[in-house]
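Residue-level listing of the chains:
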Amino acid sequence: MRNLVFLFLVIIIALGHHANAQQIELRGRVISATDQTPLAGVTVKIANGAAGTTNAKGEFKLVVTAQKNKLSISLIGYQTLMVTIDLAQKNDEVFLLQPTIINLNEVTITTGYEIVPKERVTGSFTVIDNKTYNQQIGTGVLERLRFITNGVAPVADRITILGDNAMLIRGMSTLTQNIQRPLVIVDNFEYQGDYNNINPNDIESVSFLKDAAAGSIWGAKAANGVIVLTTKKGKYGQPLKINFTSNLSTAAPPDLYYDKPIAAADLIAVEQFLFAQKYRFTDTARSTHPPFSQVYELLFKQKAGQITSAAVADELRKLSTKDVRADFANYFYQQEINQQYALSLSGGSPVMAWNLSLGVDRNKSNLAATYNRNTLRFGNQIQLNKALALNLDIAFTNGYNGSGKPAYGSISPTNGALPVYSSFADVNGNALPLYTNYRQGYIDNLGAGKLLDWRYYPLEDYKYATTVNRINELNATIGLNYTILPALKAAVNYRIARQWSGLSTLNAEQSYLTRNLINTFTQVNTITGLVNYKVPRGDIYDHTDEVMTAQNLRAQLNYDKHWGLGELHVLAGTEWSERLLSSNTQRLYGYDAEMLGFTPVDVINTYPSYMSGSLTNIPYLDSRGELNNRFTSYYANAAYTFDKRYTLSASARRDASNLFGVATNDRWEPFWSVGASWNVLQEKWFKSAAIQELKLRASYGKQGNVDPKKVAVTTIAYGNNSIYTQTPWSQVANYPNPDLKWEQVGMLNLGIDFNAWKGKLSGSIEYYTKKMSDLYALVAIDRTTGISSGTVTRNIGQAKGHGWDIELKTSHQIGQLNWNADLILNTYTDRITKLNQNNFTGREVMATGFSIVEGYSLSSLFAFKWAGLDPQTGDPMGYLNGQVSKDYSAILTTTKLADATYIGSQFPKLFGSLGSSWRYKGFELTARLSYKFAYFFKRNSIDYGALVTQLGGHADYAKRWQKSGDELYTNVPSFVYPVIAVRDEFYRNSAVLFEKGDHIRLQYLNLSYTLNQSAYKWLPIKAVRLGIAANKLGIIWKANKAGLDPEANTIPRSQNITAALNINF
Amino acid sequence: MKKWINSFLLISTLALMGCEKFLEEKPNKKLVVPSTVASIQTLLDDYSTLNQKEVTTGISTCDDFTMSTANWLSLDQNNRNLYVWSANNAFVTGAGSPWTTLYANVYKANVVLDRIDDAIDRTTNLTAWGNVKGQALFLRARSYLNLLSIWSLPYDQATSTTDMGVPLRLDVNFNTPSVRASVEVGYQQVLNDLRAAAALLPNYPVHVIRPSKPAAYAFLARAFLTMNKPDSCLKYTALALQLKSNLMDYNASEGINSKAEYPFLRFNPEVIFETYMPYPATLQKGDIDKELYDSYATNDLRKTMYHRSATAVGIFKGTYSGGTFLFNGPATDELYLMKAESLARLEDKEGALTTLNELVLKRFKTGTFVPYTATTVAEVLQMVLLERRKELVFRGLRWMDVRRLNKIGANITMKRQLNGVDYLVKPNELRYALPIPEDIVELTGMPQNYR
């Protein structure tokens, strides 16, 4: 690569040396009008034929004979400048070249199909520039977009069904979670790999396409909005630029004490009570020897007279002081440290532009898990001749994920939760066993030395059970642009992306999983004492190899014509894509990582389990898979602008996919949009010195979603072959559901863009309404039909949504102080307007997830009405047919909506952020607050069923009703044994457990100092910036009094501090 | 430049034409529209669903075991209720209920029956085609027989046309509402399906994990026995025994490893068709009924090969599944017992005794068995019924037996004593039809069983 860079430098310098001296010398300098950088390789021509090019400093010299000269200054990507220079008047002039697309002070929007100047836009876009994008530092490419994007709601960690770091663009457009995600585009095409493969330092800007006029060009996948990531590119004629970034971040371990498990003393008391009830005594006789807790083992010893009551009391007292969270914090959690380095180079000659970037990430999580990433990206644009240009982009990523230590909550016995009084080490730090599968005492001495140690040691096990995921991705794009006529251009683009990932888990012989399997299938000859291992000694190695190959091909015609006052821009094209995913999983037994040896095992025949004698097969994990998703699309987009005042736009697209079992004529689905804009500022009658921009926009269009369950015939999915008949077996994959129609989303968007008093107040205000028709939802179905999931996908009805996206910016220069602030204010409300069937009752509505009820939000929460605790028994009370009732099972199954309590929306109806930055000389301080209002969440509380069967409880146990009168102070029901499951279920879904989610958070605070060569001439480099950034600083106000983070799933994310360095050469 | 436009148009046209072909590729190699006999067969070979998740209701409700109050209290609510034949909340709602399991099997059978007649290679694979169809009919019939024995009253010829049975779903359209058919219609459907299956199934299956002719005959015999029709029961028992009659000698035989923890091997020679139940939570906490345990003679090998002791909780080891699962498929020993019972009911005292002795001989220590003798048919019947209970313990048949026997005057009252409270089901009580899961009643509006 270094040679390549050198070669480019030579070319640039060579191109700069052309002029020689004669009679009159015409000198000048050409710079870019946008950023004032010198432009190299600019062709400067005089009418009589003398010509030259600029050097790396943008300077040129021409030998001329006349005083008056007509100059033509041209460079690809810039508008040709025609000027007349009278040398008698002036020489050494500086010429400003305007880029072809970018108009003065204008933002451009990249849709992935074209680059449109903002003034011609009719749809709704949010553009994140590079500076804003980099205000939050992190490894991921999408994480940085949270909280800074107008119209986009970052989804709380608590709502896990939408995935990690999910974002909702203008609310939910579907109730089907697996088709809920926005479409992500990198440059021209949908990105099909792992988002972690993209180096965020390669991103120049991001466009969010929020309405139909913006997004419908992307067709069937765009109903939830589109995110277009544009990578950094070189520019024609740009001298070499080198930029180096280094970010060193650290985050404290999570606060495990945020979690509120039942107190150890309380848990011990519960266990003593259960022991007195002879709970689980029968398990002592079971041939599988299930484990018991430490408390139970002590009590069993006491019962058998092996230990005195005093000693037991003493042991229990010791246990009651223990807290397993301390062991997790001491032994497993550590400071998280992430290092990120990025180097980018770019430059260009008149006919070629290039960029090269390298990225290195070295992350160590707070559980010592490793993530390493190396990225390399090279882009090149070559103007082959006047008419033909070639683009070539290649990106390579190498990623490595290595497992770390076990997380809080990930260790538990197979028959319950990890009791809070557990310890992983004794006072000397030696690893203590945890009895997860089998009983203490029984397995301690089992096998008379013929078996491997059968105990599990949490402190040691992760060292021997390691998972590694290696990802390599190669992504190459080649594009040809041909100018057929000045107004007509043709482009063909092709991308191939291939991602290889290898996920492997090595369970060494010392690991519990391996020891357990070997022991289970060990046969000891009682006479000879010989040991026969049916699962061989040695390691167990599982690996899954996956290869993803995605190909996209696009052919497009662009027509751009100005005549008179009008201009017409049309594009039309076709796109074909394929995503092929093949996977292969295998397990090797008796694996020797050194010699790559392994031992075949018999998975066909059954062998008696050493523990129970029950005949079982040795586990067999091998499988193969091949998925192939294909799409073809045809699209067209046209915009007509009259007199720079009025713009009309329209777009249409048809998509088809290879969805299986769908009738052919159902495969095609059209999407369309129309839009108009009015640039008031361009009106002759409009004269105001105060206003620099005023534009009104309106658009309407339709987008859609298709659910893969839309099939006309029963389809089945094959499993592996049956070990009995050696023939394949299958299960029903999809029930015939031919009546299902495409889900449609129609969106109307009205917007105004303005800029007054030269930036003192600028921004945009948008109002939109959405109409979602033929919404898909899983509808409860009588299981007598044979559909055991109990749900089928149906077009259940219609919904409406509307909201405001408001972004206000202000910019002030007060002496040397530059102050910028922006306020993002979003509202979104939706409502199900019509349901085709309305048989939702009790349980279905209260179930976690999203309740579907006519007249209420798509994300509504409902609960059972709460009538307090019974003063006599402490039982929770609800309502049945208007009467206070304790008939929980009737309440659960028959509660009608009228009897339920509507809590509110799970998603905030009002949200956004407030950002501000202050710049004084080289110092810059940036801060952002985020806020979410008008939403609710459900908090956890005690579940007595889980307490008894799992020993997992909530600290609310201490607040439970214990005697008459307690009902005045608490809402936590009394503990009753035997546990009544429906009583727990009623309490868990009752109105008393819901909290207001409203909160304000300090999202980040960045401080930086920049040294510029322009200010400090001695600096050997152009600029250097040093910064410190603090992220996820925490809640500064919240509505709930329970001390809960309304967004956290289990434990809130911890604060993160970054030291950043950026150098421009 | 026209050239360029023309070629672009040409390419677009070609693209449109190639498009349908491009989209014909399957999105998932493992997805298939079941259209050949072989591909439809795969649905029935889903053994982990169709053979290994049998419902355990008939165990939890039967009187072959007892439970202490402490153990009963430690059960979850549904199992507590089921154990005392409670009128509500006896089953979990949703995906885990036996109602769901059985109707999912019915649906699978219906999918096969919906596709099989249109199989594209039907004519070239006629034997395989018949086999697949037979398997589906067999699956549907045995699922309905199970459903009827749990959620409808025992068969009674006098009232069967008016007694509420279970909804009969015979096609794949999930939009058809579920309506309860009469008990008579239900049993006729079972018999028709089984007869049709018996005609189509092979004499000997590829593996006993798949049904066969003798399996269909055995189920026909079971169905007629439940309907108290000994002549038909006898007919089908005989037909089944013609094809498969091996009995294992418990002293030593293929299929037996008396030293092993679980002495009976899977797929042993007596197994006609293998299905098994997971070990139910109720039985895990129960002890075998004392009286039943004591009824095994000292030299009866079953006493030690089936049971560890009378109070050995949750470790019944007499299952034919070779492990902790409870075998509930038809086996030859059940055929002998059905034959003996039918003969006795048809007043053939000697025939019944011979058949019974033939079986029991192989269950005693060699040389210790004194053949049963009796003076009256009633005596023989009592012997057969006791042997039936001892031999087929924990195969999920006892509940069915109590139901049918009470219909013909056996006068069996089942009783649980818990916490000083007696829970009883008297003969022919309405509670012999267990409560339909509440969510099903709520969603379909079908009538709940009477109390």
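Per chain, the residues get numbers from 1 upward, laid out in the order the sequence is written. Whichever chain is written first is A, and whichever ligand is written first is 1; the rest continue in order. Local features in this predicted model are restricted to residues of pLDDT 70 or higher, and side-chain atom pairs are both shown and tallied only at a pLDDT of 80 or more, whereas totals for entire chains, interfaces and linings draw on every residue.

With an unreviewed UniProt entry as reference, chain B is termed RagB/SusD family nutrient uptake outer membrane protein, source organism Pedobacter planticolens. If you open the UniProt record of chain B and go to Sequence similarities (unreviewed entry), you find "Belongs to the SusD family." Annotation of chain B in UniProt includes, under Subcellular location (unreviewed entry), the sentence "Cell outer membrane". UniProt positions are given in the numbering used here, feature names are shortened, and annotations may be inferred rather than shown by experiment.

Naming follows an unreviewed UniProt entry, where chain A appears as SusC/RagA family TonB-linked outer membrane protein of Pedobacter planticolens. Under the UniProt heading Subcellular location (unreviewed entry), the entry covering chain A gives this text: "Cell outer membrane".

A.B. asks: Describe in detail the interface of chain A and chain B, supporting the description with residues and values.
C.D. replies: In this assembly, 76 residues from chain A lie in contact with 74 residues from chain B. Going along the chain from the N terminus, every DSSP run of H or I of four or more residues is numbered as a helix, and every run of E of two or more is numbered as a strand. Counting residues per element, the side of chain A that touches chain B draws most heavily on strand 31 (residues 623-642) of chain A, which supplies seven residues. Each residue is assigned to one of three groups, with Ala, Val, Leu, Ile, Met, Phe, Trp, Tyr, Cys and Pro labelled nonpolar, Asp, Glu, Lys and Arg labelled charged, and all others, Gly among them, labelled polar. Of the residues assigned to the side of chain A that touches chain B, the class counts are 34 nonpolar, 34 polar and eight charged. In this structure, strand 35 (residues 715-721) of chain A lies alongside strand 1 (residues 31-32) of chain B, joined through two bridges in antiparallel fashion. When the bridges of strand 1 of chain B are listed, Ile716 of chain A appears paired with Val32 of chain B. Throughout, a residue-residue contact means that the two C-beta atoms, derived from backbone geometry, are no farther apart than 7 Å. Pairs of strands are assigned from DSSP output, requiring at least two bridges between the strands.

A.B. asks: I'd like to hear about the domain arrangement of chain A, residue by residue, with values.
C.D. replies: With domains assigned, chain A is organised as domain 1 (2-97), domain 2 (103-232 + 673-855), domain 3 (256-332 + 407-432), domain 4 (460-642), domain 5 (860-905 + 938-996) and domain 6 (917-935 + 999-1065). An automatic or database domain assignment supplies the residue ranges for each domain. Computed from C-alpha atoms alone, the centre-to-centre distance between domain 3 of chain A and domain 4 of chain A is 41 Å.

A.B. asks: Pulling in residues and values, what's your account of the sheet that holds strand 7 (residues 93-97) of chain A?
C.D. replies: Residues and elements named next belong to chain A. Taken in spatial order, the three strands make up an open sheet running 4-1-7, and their pairing is mixed. In this open sheet, the two edge strands, each paired with only one partner strand, are strand 4 (59-64) and strand 7. Within the sheet, the average angular offset between the axes of one strand and its neighbour, ignoring direction, is 35°. Where strand 1 (residues 24-32) and strand 7 come together, five bridges link them in parallel fashion. Its bridge partner being in strand 7, Val30 is matched across the sheet by Phe95. Lines are fitted to the C-alpha atoms to define the axes, a helix being fitted only along its stretch in contact, and any angle between axes, read from their N-to-C directions, falls within 0 to 180 degrees.

A.B. asks: Report on the sheet that holds strand 35 of chain A, specifying residues and quantitative values.
C.D. replies: As summarised here, the arrangement of the three strands in space is 36(A)-35(A)-1(B), forming an open sheet in which the pairing is antiparallel. The strands lining the two open edges of the sheet, one partner per strand, are strand 36 (728-734) of chain A together with strand 1 of chain B. Its contacts with the sheet put helix 2 (residues 37-44) of chain B on strand 35 and strand 36 of chain A together with strand 1 of chain B, and the angle it makes with strand 36 of chain A is roughly 85°.

A.B. asks: Tell me what's going on with unusual backbone geometry, and back it up with residues and numbers.
C.D. replies: The omega angle of the peptide bond from Tyr977 of chain A to Pro978 of chain A is 0°, so this bond is cis rather than trans. The phi torsion at Lys758 of chain A lies on the positive side, around 50°, for a residue other than glycine.

A.B. asks: Can you tell me about the environment of Ser124 of chain A, naming the residues and giving the values?
C.D. replies: Residue and element names in this part refer to chain A. Among the structural elements, Ser124 can be located in the loop between strand 9 (115-117) and strand 10 (125-128). Residues Ser124 and Gly416, 292 residues apart in the sequence, show an inter-C-alpha distance of 51 Å. When residues no more than four places from it in sequence are discounted, the contact partners of Ser124 are Lys210, Asp211, Ala214, Asn749, Gly751, Glu766 and Tyr768.

A.B. asks: Tell me about the UniProt feature "domain: SusD-like N-terminal" (unreviewed entry) in chain B, and name the residues and values.
C.D. replies: Under the local residue numbering, the UniProt record ascribes the feature "domain: SusD-like N-terminal" (unreviewed entry) to residues 21-225 of chain B. The distance from the first to the last C-alpha atom of residues 21-225 of chain B is 58 Å, and the span holds 52% helix and 6% strand.

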